[in-house]
Structure formats: structure tokens, C-alpha cells
Amino acid sequence: MNRPGSSESRSPTSDVWDHYWLGVKSTIATNFHVDMLAHLNRTVDVKGRRVLDIGGAGSVSRDLARAGAAVCLIDFSGVATRAARNLASEVAFDVVQGDARELPFFSESFDIVLHQGFLEHFVKPANLLQEQHRVLRTGGFLLVDAPQRFNWYAVEKRIEMKRGTWPYGWETDFTYHGLCRLLRDTGFVPIYAYGRGYHPPIIRALRNLRRIEKRIGHQVLPSRIWDCYDALWSHFETGAGGWYSLVNLGVIAKKLT
């Protein structure tokens, strides 16, 4: 699967991201990505598909592998890849330490490529998407999940960046139309979009009321009420309201040629 002449460890690791993953290693297996994968499952059945998971410490890859996908994770942080290999002991998936700017894989190696919290850290994201286009087979799917521009969290982030207190290096954010245009310019056709992530915390708590009910094991409202509740939130998240107000924006696109 590696491109000829490449090396899995060719790219140097980043001190910033090693430090980050060391700081969150105790919570790597949390379910922050569950909503993202739920949206992916609405679009494509991952079972039996070859999936490239770019960036992270394995929780996304683990859940995709549990769903029957053949998964490979790539990250340039040694801390992240070591954590991912620990999770890979629960359910098998491949882990590669390498540089996503020059993916060490043959062209058209994967059916699905996805990443969350990744694209915003690059000044020239088109270069990353072009490389992802190369390794994705014709007819395959790309999921990009990145920060959305118009929300209070993005404002707080920009204030911290201006002060020099933002700990995650370069980071930008995207509008729905801007991200779709970027995908089209790099050879993809957007087919589905969603917003996810609520800020401030009181809004996040409201969105997750049903999950809280399930966690405490006590049903407060009838199931038909919760079904309507979930349907309304889902309608909001997959329309313009979610695309232009929530913390993260996700776009699923297809490679046609």
C-alpha cells in the first residue's frame, strides 16, 4: 500500500502535536467523533470499504473498523500513532506515521478518505485535498470535517490567536460555500453537508438531553417526543442553519473522475 520509495517515518513529528496528544491521551477514546460518523453512515456503507483516516490517535479508526471497514490511519505525531496502535489491539487497523502532504500510498488505494480537525492547520489546504484526490479511487468518498466560521467559538479562537495564546498553531475556519468551492476546485463534487458541535455549553447540553436521559437510565419523556426532538435537531444540522452557526462544518464529496 505504500508508495514505492517512501518511508512511513520520513516526515518529522511536530512538537506541538506531540504535546497535544500527550495532554489528551487519557481521553483519546472519547466519542467526540460519533456525530461525524453518523453523518458518513447516512451517505455510504463503510463495511468492506478501504478507508484512510488522516490525523488523530485512533478512536475514529477503531469505530470504523468495528463497523467492518478496512482502515489505515496516518499521522505524523509519534505520540498519536503509539496511542492508535494501542487502540488497534482492540480491533485491527493499520497505523502509519507519515506526512499527509505526500501520502505514502499508491494512487486510487482507498474507497473513503476522511479527516476531522485537520485541514484547518494548513495554509494551503488545496495541496492536501489534491493528494487525497490522488489516493482515492474514482467513485470514492471524501469527508472533510473542519471549523465553521460563523459562531462564538470561532470568535473566541481568533481572539486567542491574536493574543498568541492559541495552542494549536495555524488554524483557519471555513464557510459552507468556501469549503464546497475548494472541494470542487480540487476535483470533488459535494453531495452532503452538515453542521455539528454546539457552543456555549448550555446549548450543547440542550442538544444532548436525550443522550443524558439514556446515560442515567431513566426515561423522562415518551419515545415519540424524543423522536420528534431528534428529527428537528437533525433537520437543523443538515440545513443552512447548521452550516452557518455550528462549531464544525462537515462536507461529504465524491470523486467522479
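In this text the structure is predicted, and so the values were computed from the model without any measurement.

**As for the overall build of the chain**
Looking only at helices and strands, the chain has 11 helices and seven strands in total. Sequence separation of 24 or more characterises 74% of the internal contacts of the chain that already satisfy a separation of 6 or more. Accessible area of the chain: about 12800 Å², with a carbon and sulfur share of 56%.

**Topic: unusual backbone geometry**
With an omega of 10°, the peptide bond between His199 and Pro200 qualifies as cis. Here Pro200 lies in the loop between β6 (188-196) and α8 (201-207).

**Some points on a nonpolar patch on the surface**
Residues Leu206, Leu209, Ile212 and Ile216 make up a contiguous nonpolar surface patch of roughly 340 Å² in combined accessible area. Counting residues per element, the nonpolar patch draws most heavily on helix α9 (residues 209-216), at three residues. With respect to the element layout, Leu209 can be found in helix α9. Owing to a relative accessible area of 35%, Leu209 belongs among the partly exposed residues under this scheme.

**With respect to the nonpolar core**
One recurring pattern in soluble globular proteins: nonpolar side chains tend to sit buried together. Among the nonpolar cores identified, the biggest contains 32 residues, and Leu52, Phe105, Leu119, Leu179 and Leu183 are the most heavily contacted of them. When contributions to this core are tallied by element, the ones reaching two or more residues are β1 (50-54), β2 (70-75), β4 (110-116), α5 (125-135), β5 (136-147), α7 (176-185), β6 and β7 (248-255). When residues in this core are grouped by element, the largest group, five residues, is from α7. Ignoring any residue separated from it by four or fewer positions in sequence, one finds Leu183 in contact with Leu129, Leu142, Val144, Phe188, Pro190, Val251 and Ala253.

**Points about the packing of aromatic side chains**
Applying the stated criterion to the full structure yields 11 aromatic pairs. Between Phe118 and Phe122 the ring centres are 5.0 Å apart and the planes differ by 55°, which places this aromatic pair in the tilted class. Looking at Phe118, the relative accessible area reads 9%, which means it is buried. A residue is classified by how much of its surface remains accessible, and Phe122, at 15% relative accessible area, is buried. Each ring, one from Tyr176 and one from Tyr244, has its centre 6.4 Å from the other, and the planes form 70°; the classification is edge-to-face. Of this pair, Tyr176 sits in helix α7 while Tyr244 sits in the loop between α11 (240-243) and β7, placing them 68 residues apart in sequence. The buried category is assigned to Tyr176, whose relative accessible area is 16%. Pairwise contacts between aromatic rings join Tyr198, Trp226, Tyr229, Trp233 and Phe236 into one cluster.

**Comments concerning the sheet that holds β6**
Strand order in the open sheet made by the seven strands is β3-β2-β1-β4-β5-β7-β6, with mixed pairing throughout. Each edge of the sheet is formed by a strand with only one pairing partner; in this case those strands are β3 (94-97) and β6. On average, each strand axis in the sheet is tilted by 15° relative to the strand beside it, whichever way the strands run. Sheet analysis places β2 next to β3, joined by four bridges and oriented parallel. Paired with Asp75 across the strands is Gln97, a residue of β3.

**What about the side chain of Lys157?**
Here Lys157 shows up in helix α6 (residues 152-163). In this structure, Lys157 is in contact with Pro147, Trp166, Glu171, Thr172 and Asp173, ignoring residues within four places of it in sequence.

**Focus: the pattern of salt bridges**
Taken as a whole and judged by the stated rule, the model has 16 salt bridges. One salt bridge connects Asp173 with Arg149, and the closest N-O pair in it is separated by 3.0 Å. Of the two residues, Asp173 sits in the loop between α6 and α7 while Arg149 sits in the loop between β5 and α6, which places them 24 residues apart along the sequence. Residue Asp173 is classed as buried on the basis of its relative accessible area, which comes to 6%. Exposure remark for Arg149: the relative accessible area of 33% places this residue in the partly exposed category. Across the pair Arg158 and Asp173 runs a salt bridge, and its minimum N-O distance is 3.0 Å. With Arg158 in helix α6 and Asp173 in the loop between α6 and α7, the pair connects residues that are 15 residues apart, well separated along the chain. The exposure class of Arg158 is partly exposed, given its relative accessible area of 38%. Within the structure, one salt-bridge network assembled from shared partners comprises Arg149, Lys157, Arg158, Glu171 and Asp173.

**Looking at the packing of helix α2 (residues 34-43) against helix α3 (residues 59-66)**
The relative placement of two packed helices is expressed as an angle between their axes plus a distance between the axes. The geometry of α2 relative to α3 is characterised by a closest axis approach of 11 Å and an angle of 40° between their N-to-C directions. When the interaxial angle is binned, α2 and α3 end up oblique. Handedness of the α2/α3 crossing: right-handed. Side by side, α2 and α3 meet where Met36, Leu37 and Leu40 of the first sit next to Val60, Asp63 and Leu64 of the second. Within the contact of α2 with α3, the residues separate by chemical class into five nonpolar, no polar and one charged.

Criteria and cut-off values
- Residues numbered from 1 in each chain as written.
- Predicted model: local features only at pLDDT ≥ 70, side-chain atom pairs only at ≥ 80, totals over all residues.
- Heavy atoms only, no water.
- Helix = DSSP H or I, 4+ residues; strand = E, 2+ residues; numbered from the N terminus.
- Contact = heavy atoms within 4.5 Å.
- Areas by Shrake-Rupley, 256 points an atom, 1.4 Å probe, with all protein chains shown as cover.
- Patch = residues over 30% accessible without salt bridge, like charges linked within 9 Å, V, L, I, M, F, W, Y side chains within 5 Å.
- Salt bridge = Lys/Arg side-chain N within 4 Å of Asp/Glu carboxyl O.
- Buried < 20%, exposed > 50% of the residue type's maximum accessible area, 1.4 Å probe, protein only.
- Core = buried A, V, L, I, M, F, W, Y, C linked by side-chain atoms within 4.5 Å.
- Phe/Tyr/Trp six-rings, centres within 6.5 Å; stacked < 30°, edge-to-face > 60°.
- Pairing = 2+ DSSP bridges.
- Axes fitted to C-alpha atoms, helices over the stretch in contact; angles between N-to-C directions.
- Parallel < 35°, antiparallel > 145°, perpendicular 65-115°, else oblique.
- Left-handed = near helix turned anticlockwise from the far one by under 90°.
- Nonpolar A, V, L, I, M, F, W, Y, C, P; charged D, E, K, R; others polar.

The values are spatial; any link to function lies outside them.
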